[in-house]
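Chain by chain, the residues:
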Amino acid sequence: MSQQAAVQAGEATLIIRGVSKTYRVDDRPLSVLRNIALDIEPGEFVSVVGASGCGKSTLLRLIIGLDTDYDGDILLDGRRIEGPGPERGIVFQEPRLFPWLTVEDNVALGLDASGTAPRQRERSVAENIALVGLTGFEKAYPHQLSGGMAQRAAIARALVNRPEIQLLDEPLGALDSLTRAYLQKELLRIWQQERVTVIMVTHDVEEAVFLSDKVVVMEPRPGRIGAVIPIELAHPRDRAAPDFIARKERILRELQH
Amino acid sequence: MVDLSAPISVQATLGRRGTRPDAFWRGLAIPAAIVIVWTATVHLGLVESRLLVPLERIVALPFFDEAGRHLWLGLGASIVRMIGGFTLGAFLGIALGLLLGMSRTAERAVGPSFHALRQIALFAWIPLLTAWFGNGDGSKIVYIVLSAFFPAALHTHEGLRTIPLHYFEVARVMRFTWWQRVTRLLLPGALPSIFIGIQIALITAWIGTVGSEYAMGIGRGIGSFLAEGREQFRMDVVLLGVLVLALVGYAINLACGRLFGRLLHWQGDTR
């Protein structure tokens, strides 16, 4: 509990300043991100949309710390990100559960690394499995889960360390539309309950409008921010409401630039 | 000789576990046909040759024949020899495979020598080994160790190399300790391939056992049993030896499939 209180008190402000990323392809520089600037407030739900190849996943890799070779600054509470840290979690597009571990042990991976006491480990795991609605499947192996269940287990694994910032890389992209709509509501519930900062990359503009406080529209080649559109509608949002549709269409217009 | 260089896919080799009953009976069709044709040929007098021995005589041999009874001691000696050689060879092989797969430095330093050595056909070792260790058990054991060593090392290395990069990213994001990386990611991730390596090492160790006994004549063993049968022109003894060889190999495969299938239950049904 003390951990959670600390999170709520912590000002997990993420500041991205003039970030550029260049890959070398066949010995020629390929600019993937150019001059990205973005401030993300604690507790905000931010979505990043954009065409394939606009560098949105690269941006997440930089924020999570899997790639530290970039220009500019990504500052978390004023400190430059130099690698992965316990205050940031990520859910990849694929669940990436370890097939040789049960749901329970997969979820506990993050705790094991931080050396959590067994009793606390057990409780945290049970809490997070319940949070994503997988109670009863603790002892199941990944091959026994459906795609949606596996992705929920991956969300529980990312949340178990109580990260201040939760990154989601097209987390629902591979799921069927029913499961997707259901998990969107679940994400909303978890976000409201846990008060974490969420940065989600998605292809789905409606998903972005349904969940986010603001939507970042990125443009490709090189990846840069085209527009940041605030969505100040109250939750739960009605996808058929005129306000909702107006925002969705504005984002779609921005994407067609 | 079995090709040691080609790693075999996990599914192809372990997928056979849990064979359904009808598949089992279907698998028996060809052996049954051979038995029928063989028996008919012998008893109808279609072929008159000392090379063709009635099956029932071969089966009775280890119980009712002076030369045939040597089978038991020979088989026992061979199995003991194989277990000894296999254990040492597989242990060393898995250790080297782990080292090559976990340490870049080791791979760069030891890898090329290892890959050059494994190109030497196993039988080519025999003259060297007999020169170094004589014709006794020493040479045979070393030969068996070598036959188990290469497939075990190769498949262990391969198992580590083919763990998806995705999982390593998870490990980095979760900030695994070194110990966690080994016990939660590297070892379990490589395990299916290590098991295949063990299974192949058992088979090659068995082939190596018989081969070494046959080629380095002195002492007891199923290979020597075969060699004696050939020298005395006892076709029944030779055929018995071959039959027993095949049965032991088959039993090894069956046992491995069952055991490893159970240990890798997290893979689900790979059929």
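Please read all numbers here as calculations on a predicted model, not as lab measurements.

Cut-offs applied
- Residues numbered from 1 in each chain as written.
- Chains lettered and ligands numbered in written order.
- Predicted model: local features only at pLDDT ≥ 70, side-chain atom pairs only at ≥ 80, totals over all residues.
- Heavy atoms only, no water.
- Pairing = 2+ DSSP bridges.
- Helix = DSSP H or I, 4+ residues; strand = E, 2+ residues; numbered from the N terminus.
- Buried < 20%, exposed > 50% of the residue type's maximum accessible area, 1.4 Å probe, protein only.
- Polar contact = N/O pair within 3.5 Å; in protein donor to acceptor, adjacent residues only side chain to side chain.
- Contact = heavy atoms within 4.5 Å.
- Domains from an automatic or database assignment.
- Buried area = accessible area lost by both parts, 1.4 Å probe.
- Salt bridge = Lys/Arg side-chain N within 4 Å of Asp/Glu carboxyl O.
- pLDDT = per-residue confidence, 0-100.

A closer look at the pairing of strand 2 (residues 28–40) of chain A
Residue and element names in this part refer to chain A.
Here comes step 1: Relative to strand 2, strand 1 (residues 14–25) runs antiparallel, the two being bridged by nine bridges. Within strand 2, the position partnered with leucine 14 by the bridge is isoleucine 40.
Here comes step 2: In sequence, strand 1 turns back onto strand 2 through a hairpin of two residues, with aspartate 26 there showing a positive phi of about 50°.

Description of the side chain of Lys214(A)
All names here are of chain A.
Here comes step 1: Relative to the elements of secondary structure, lysine 214 occurs in strand 9 (residues 214–219).
Here comes step 2: According to the relative accessible area criterion, lysine 214 is buried, its value standing at 13%.
Here comes step 3: Engagement of the side chain of lysine 214 in a polar contact is seen with the side chain of glutamate 44, the distance being 3.4 Å.
Here comes step 4: Residues in contact with lysine 214, not counting those within four places in the same chain, are Asp39, Glu44, Phe45, Val46, Ser47, Val228, Ile229, Pro230 and Ile231.

Considerations on the side chain of Ser224(B)
Residues and elements named next belong to chain B.
Here comes step 1: Within the secondary structure, serine 224 sits in helix 10 (residues 222–231).
Here comes step 2: Residue classification places serine 224 among the buried residues on the basis of a relative accessible area of 4%.
Here comes step 3: There is a polar contact of 3.0 Å between the side chain of serine 224 and the backbone oxygen of glycine 219.
Here comes step 4: Once residues within four sequence positions are removed from consideration, serine 224 is found in contact with Glu213, Gly217 and Gly219.

Here's the deal with the domain arrangement of chain B
All names here are of chain B.
Here comes step 1: You can read the domains of chain B as domain 1 (20–52) and domain 2 (60–267).
Here comes step 2: Contact between domain 1 and domain 2 buries roughly 360 Å² in total, counting both sides, with carbon and sulfur atoms accounting for 70%.
Here comes step 3: The largest share of the area that domain 1 buries against domain 2 comes from Trp38, Arg50 and Leu51, three residues that together contribute 91% of it.
Here comes step 4: Our count for the domain 1 to domain 2 interface comes out at zero salt bridges.

Some remarks on helix 2 (residues 56–64) of chain A
Here comes step 1: Burial within helix 2 of chain A is extensive, with seven of its nine residues counted as buried.
Here comes step 2: When helix 2 of chain A is considered as a whole, its buried residues turn out to be Lys56(A), Thr58(A), Leu59(A), Leu60(A), Leu62(A), Ile63(A) and Ile64(A).

Here we look at the interface of chain B and chain A
Here comes step 1: At the junction of the two partners, chain B supplies 19 residues and chain A supplies 25 residues.
Here comes step 2: Both sides together, the interface formed by chain B and chain A hides about 2200 Å², and carbon and sulfur atoms give 66% of it.
Here comes step 3: It is Met174(B), Arg184(B) and Trp266(B) in chain B that bury the most area against chain A; as a group they hold 30% of the surface buried on that side.
Here comes step 4: Inspection of the region where chain B meets chain A yields three salt bridges.
Here comes step 5: The residue Glu169(B) makes a salt bridge to Arg61(A) at a minimum N-O spacing of 2.8 Å.
Here comes step 6: Linking chain B with chain A are nine residue pairs in polar contact (both at pLDDT 80 or more), by the criterion used here.

Quick notes on the confidence of the model for chain B
All names here are of chain B.
Here comes step 1: Per-residue confidence for chain B gives a mean pLDDT of 86, with 91% of residues at or over 70.
Here comes step 2: Low pLDDT, under 50, characterises residues 1–18; the predicted model gives this stretch 44 contacts beyond four residues in sequence or across chains.
Here comes step 3: In the predicted assembly, ipTM is 0.88 and pTM is 0.83.

Digging into the pattern of salt bridges
Here comes step 1: One pass over the full model with this rule turns up 28 salt bridges over all chains.
Here comes step 2: Across the pair Asp112(A) and Arg184(B) runs a salt bridge, and its minimum N-O distance is 3.5 Å. Here Arg184(B) lies in helix 9 (residues 178–215) and Asp112(A) lies in helix 3 (residues 103–113), a pairing that spans two chains.
Here comes step 3: Judged by its relative accessible area of 25%, Asp112(A) is partly exposed.
Here comes step 4: Within the structure, one salt-bridge network assembled from shared partners comprises Arg61(A), Glu94(A), Arg96(A) and Glu169(B).

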